[in-house]
Amino acid sequence: MPKTLFEKIWEKHVVRSTEGGPDLLYIDFHLMHEVTSPHAFNKLRQLGLKVRRPDLTIATMDHQVPTNNLDLPVEDEIAAQQMEALRKNCAEFGIQLHPWGTLGQGIVHVIGPEMGLTQPGMTIVCGDSHTSTHGAFGALAFGIGISEVAHVLATQTLLQRKPKTMAVTVEGKLPKDVTAKDLILGILKKIGTDGGVGHVIEYRGEAIRSLSMEGRMTVCNMTIEAGARAGLIAPDETTFEYLKDKPYAPKGEQWEKALAEWKELYTDEGAVFDKEVKINAEELVPYVTWGTTPDQVVPLDGEVPQPRNSNEERALKYMGLVPGTKIKDIEVNAVFIGSCTNSRIEDLRAAAQVVKGHKVKEGVRALVVPGSMKVKKQAEDEGLAEIFQQAGFEWRASGCSMCVGMNADYLQPGERCASTSNRNFEGRQGKGARTHLVSPVIAAATAILGRFASPSDINVLMNR
Ligand SMILES: CC(C)[C@H](C(=O)O)[C@@H](O)C(=O)O
Ligand code: SF4
């Protein structure tokens, strides 16, 4: 019987299944960070258990780390405690840790792929909802709860009910100015924040195939915002090319063997999905979110919509917006380029190209926070850091930073931010802060003009 990519991966990892119950799945790779791990380690201690496969587990510090003053002690007491707890736990249980301040450190969903640890066909988990990012490699990757983290640590397995399958097919070519971020915002606009509930989404079609690995990660990253369990994309030459020569990618004969297996990872012709959505890439445009959920999306060239219900009324009120206002007339206080959605080298290159030779609008606070210390270094070597700094951006070290405001990088009540992150919930970037999700190029142009703008607006408006 023809199978979907998801079914192929799932079946290969079932250790035991019971009639009507969840399946016991083998987990190939487990990522950890400082926020969702302390309880799990305590549980192991209580039960006198060891980590079953420390070699298949890695940890990083990302959510609470300061992104500046790396030579000073961590001021925030809770952050310092969590970071120290992770250091101790990893040492005690023999887990590879990439601590704050080291070249290996970065956002958990950026460093896995960067090291070549994220590979096609794997099952990957992390106590973090954006684990779906790793699905870009054709891996089945999903976030798990804190007690599940303990279960995986102790057994390298996880009990899971088999989700349903969903195909999101994006046919046609993406218009020139439309990025991977716009693509996923466009998908969210269409299917909503509950469009994927109970399903694993496979992204297919010409527009998806045309994306770089960075772009595919952006799309899979935000899959969770549609309520889906995971998102994935069948591996292809783009995937193999990216993985080749990565530190943990298989080498020599092992590479050839892996490649042969990876090439089998696609949805068979005739396989049936439980749900299918089709999108025409040519109809997509650059988008901006106007509200407090990631599906409250309008074209950059559009207007703040009329509310259709009380939720939308509340969102407009929180966002301090008046229906009918042109998006491009909305001024911002801050611009954040970062997060596991859009902080990889390609994102920084695209933003730097827009910023080059311009200055951040007076009064706007603009931050670039690379997704990993390696991305930071690469961007510095390529001269991107200099471009950002000369324009007046703050150039930071890696971490989640203003995506979630769990460190010192957050906004004041009422401040408005163009952000390349993935969540615009109330209070996400600070109490009372207003978040608009955008692509890196729109964030960059917005920093220069001080209001929502596309790169092409810069020259037009500057020459007026
Ligand atoms: C802190 C963590 C548990 C959380 C998540 O699971 O996603 C965070 O990364 C987020 O993006 O909201
Ligand atoms: S960058 Fe943001 S979305 Fe990603 S893991 Fe960190 S807090 Fe979560």
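Note that the coordinates shown come from a computational prediction; the quantities given were computed from them, not determined experimentally. All residue numbers refer to positions counted from 1 along the written sequence of the respective chain. Chains and ligands are labelled by the order in which they are written, letters from A for the one and numbers from 1 for the other. Given that this is a predicted model, residues contribute local features only at a pLDDT of at least 70 and side-chain atom pairs are listed and counted only at 80 or more, while totals for whole chains, interfaces and linings are drawn from all residues.

Draft legend 1. Layout of unusual backbone geometry. Residue asparagine 69 is not a glycine yet carries a positive backbone phi of 50°. Numbering of helices and strands runs from the N terminus; a helix is a DSSP stretch of H or I covering at least four residues, while a strand is a stretch of E covering at least two. Turning to its location among the elements, asparagine 69 is positioned in the loop between strand E4 (57-60) and helix H3 (77-93). Of note in the backbone geometry, serine 339 takes a positive phi value of approximately 85° without being a glycine. Its location among the elements puts serine 339 in the loop between strand E15 (334-337) and helix H12 (345-355). Labels follow a simple rule on C-beta atoms placed from the backbone: if 20 or more others lie within 10 Å of a residue's own, it is buried; if 12 or fewer, it is exposed; otherwise it is partly exposed. Residue serine 339 is classed as buried on the basis of its C-beta count, with 28 C-beta atoms lying within 10 Å.

Draft legend 2. Structural view of the pairing of E4. With burial as the criterion, each face of E4 is covered, one bearing Thr57 and Ala59 and the other bearing Ile58 and Thr60. Any two strands between which DSSP finds at least two bridges are classified as paired. As paired strands, strand E3 (residues 29-33) and E4 are joined by 4 bridges and run parallel to one another. Across the sheet, methionine 32 pairs through a bridge with alanine 59, a residue of E4. Inspection of the sheet shows E4 paired to strand E5 (residues 96-98) by 3 bridges, in the parallel sense. In the sheet register, alanine 59 faces E5, and the bridge partner there is leucine 97. Note that the unit made of E4, H3 and E5 has a crossover that is right-handed. The definition of a right-handed crossover adopted here requires that, viewed with the strands pointing away, the path from the first strand over the helix to the second runs clockwise.

Draft legend 3. Quick peek at the sheet that holds strand E7 (residues 140-143). A sheet is described by the order of its strands in space; here 5 strands give the open sequence E5-E4-E3-E6-E7, paired in parallel fashion. Each having just a single partner strand, E5 and E7 make up the two edges of the open sheet. Averaged over all pairs of adjacent strands, the angle between their axes in this sheet comes to 20°, without regard to strand direction. Across 4 bridges, the pairing between strand E6 (residues 123-126) and E7 is parallel. Each bridged residue has a counterpart across the sheet, and for threonine 123 the counterpart in E7 is leucine 140. Think of each axis as a best-fit line through the C-alpha atoms, taken over the contacting stretch in the case of a helix, with angles from 0 to 180 degrees between the N-to-C directions.

Draft legend 4. The packing of helix H2 (residues 38-47) against helix H5 (residues 146-155), seen in detail. Running from amino to carboxyl end, H2 crosses H5 at an angle of 50°, the nearest separation of the two axes being 8 Å. By the angle class used here, H2 and H5 are oblique. In terms of crossing hand, the pair formed by H2 and H5 is right-handed. Contacts between H2 and H5 involve His39, Ala40, Lys43 and Leu44 on the former and, on the latter, Ile146, Val149, Ala150, Leu153 and Ala154. Between 65 and 115 degrees an angle is taken as roughly perpendicular, under 35 as roughly parallel, over 145 as roughly antiparallel, and anywhere else as oblique. The hand of a helix crossing depends on one turn: near helix anticlockwise from the far one by less than a right angle means left-handed, and clockwise means right-handed. Whether two residues are in contact is decided by their C-beta atoms, placed from the backbone, lying within 7 Å.

Draft legend 5. Molecular detail of the site of ligand 1. Residues in contact with ligand 1, as listed here, are Val35, Thr36, His63, Asp128, Ser129, His130, Gly143 and Val404. Looking at the shell around ligand 1 residue by residue, the class counts come to 2 nonpolar, 5 polar and 1 charged. Using the backbone to place each C-beta atom, any residue with that atom within 6 Å of a molecule or strand is considered near it. As a working rule, the residues Ala, Val, Leu, Ile, Met, Phe, Trp, Tyr, Cys and Pro are called nonpolar, Asp, Glu, Lys and Arg charged, and the rest polar, with Gly in that last group.

Draft legend 6. Region of the structure containing the sheet that holds E15. Taken in spatial order, the 5 strands of this open sheet run E17-E16-E15-E18-E19, and their pairing is parallel. Lying at the two open borders of the sheet, with one neighbouring strand each, are strand E17 (394-395) and strand E19 (434-437). Here 2 bridges tie strand E16 (residues 365-368) to E17, and the two strands are oriented parallel to one another. Bridge pairing in E17 links valine 368 to tryptophan 395.

Draft legend 7. Looking closely at the domain arrangement of the protein. As assigned here, the protein comprises domain 1 (5-275) and domain 2 (287-462). Domain 1 and domain 2 are separated by 25 Å when their C-alpha centres are compared. Contacts between the two partners involve 38 residues from domain 1, matched on the other side by 36 residues from domain 2. Contributing elements (two or more residues each) for the side of domain 1 that touches domain 2: helix H4 (108-115), helix H6 (180-191) and helix H8 (213-221). With 6 residues, the top contributor of residues to the side of domain 1 that touches domain 2 is H6. The domain limits used here are those given by an automatic or database domain assignment.

Draft legend 8. Quick look at the site of ligand 2. The environment of ligand 2 is made up of Asp62, His63, Ile107, Asp128, His130, Ser339, Cys340, Cys400, Cys403, Val404, Ser421 and Asn422. Of the residues belonging to the shell around ligand 2, the class tally is 5 nonpolar, 5 polar and 2 charged.

Draft legend 9. Representation of the UniProt feature "binding site: [4Fe-4S] cluster" (unreviewed entry) in the protein. UniProt positions are given in the numbering used here, feature names are shortened, and annotations may be inferred rather than shown by experiment. According to UniProt, the positions carrying the feature "binding site: [4Fe-4S] cluster" (unreviewed entry) are Cys340, Cys400 and Cys403. Of the residues just listed, which span 64 residues, no C-alpha pair is farther apart than 8.8 Å, and they cluster in one region. Take cysteine 400: it is sitting in the loop between E17 and strand E18 (416-419). A residue is classified by how many C-beta atoms lie within 10 Å of it, and cysteine 400, with 29 of them, is buried. For cysteine 400, the contacting residues outside a window of four places in its chain are Asp62, His63, Ile107, Ser339 and Met406.

Draft legend 10. Structural view of helix H14 (residues 384-391). When we look at burial in H14, the residues that qualify are Leu384, Ala385, Ile387, Phe388 and Ala391. Buried residues in H14, looked at end-on, bunch into an arc of 160°, giving them a common side. Of the surrounding secondary structure, the elements contacted by the buried residues of H14 are H12, E16, helix H13 (373-381) and E17. One or two steps after H14, the chain reaches glycine 392, where phi turns positive at roughly 105°. Throughout, the arc means the angular range of directions from the helix axis out to the C-beta atoms.

Draft legend 11. Inspection of the environment of glycine 127 at higher detail. Here glycine 127 lies in the loop between E6 and E7. Sequence spacing of glycine 127 and valine 197 is 70 residues, and the spatial spacing of their C-alpha atoms is 19 Å. Not counting residues within four places of it along the chain, the set of residues in contact with glycine 127 comprises Met32, Thr36, Ser37, Gly143, Ile144, Ile146 and Val149.

Draft legend 12. Molecular detail of the pairing of E16. Looking at chain direction, E15 and E16 are connected through 4 bridges and run parallel. Each bridged residue has a counterpart across the sheet, and for valine 335 the counterpart in E16 is alanine 366. What joins E15 to E16 is H12, and the crossover it makes is right-handed.

Draft legend 13. Spatial organisation of the nonpolar core. Among buried residues, those of type Ala, Val, Leu, Ile, Met, Phe, Trp, Tyr and Cys that are joined through C-beta atoms within 7 Å form a set called a nonpolar core. In terms of nonpolar packing, the biggest core is built from 143 residues, with Leu183, Val335, Ala351 and Ala444 touching the most fellow members. The biggest single contributor to this core is helix H15 (residues 440-449), with 8 residues. Built from parts of two domains, this core gets at least three residues from each of domain 1 (5-275) and domain 2 (287-462). Once residues within four sequence positions are removed from consideration, leucine 183 is found in contact with Val170, Leu174, Val178, Ala207, Val219 and Leu284.

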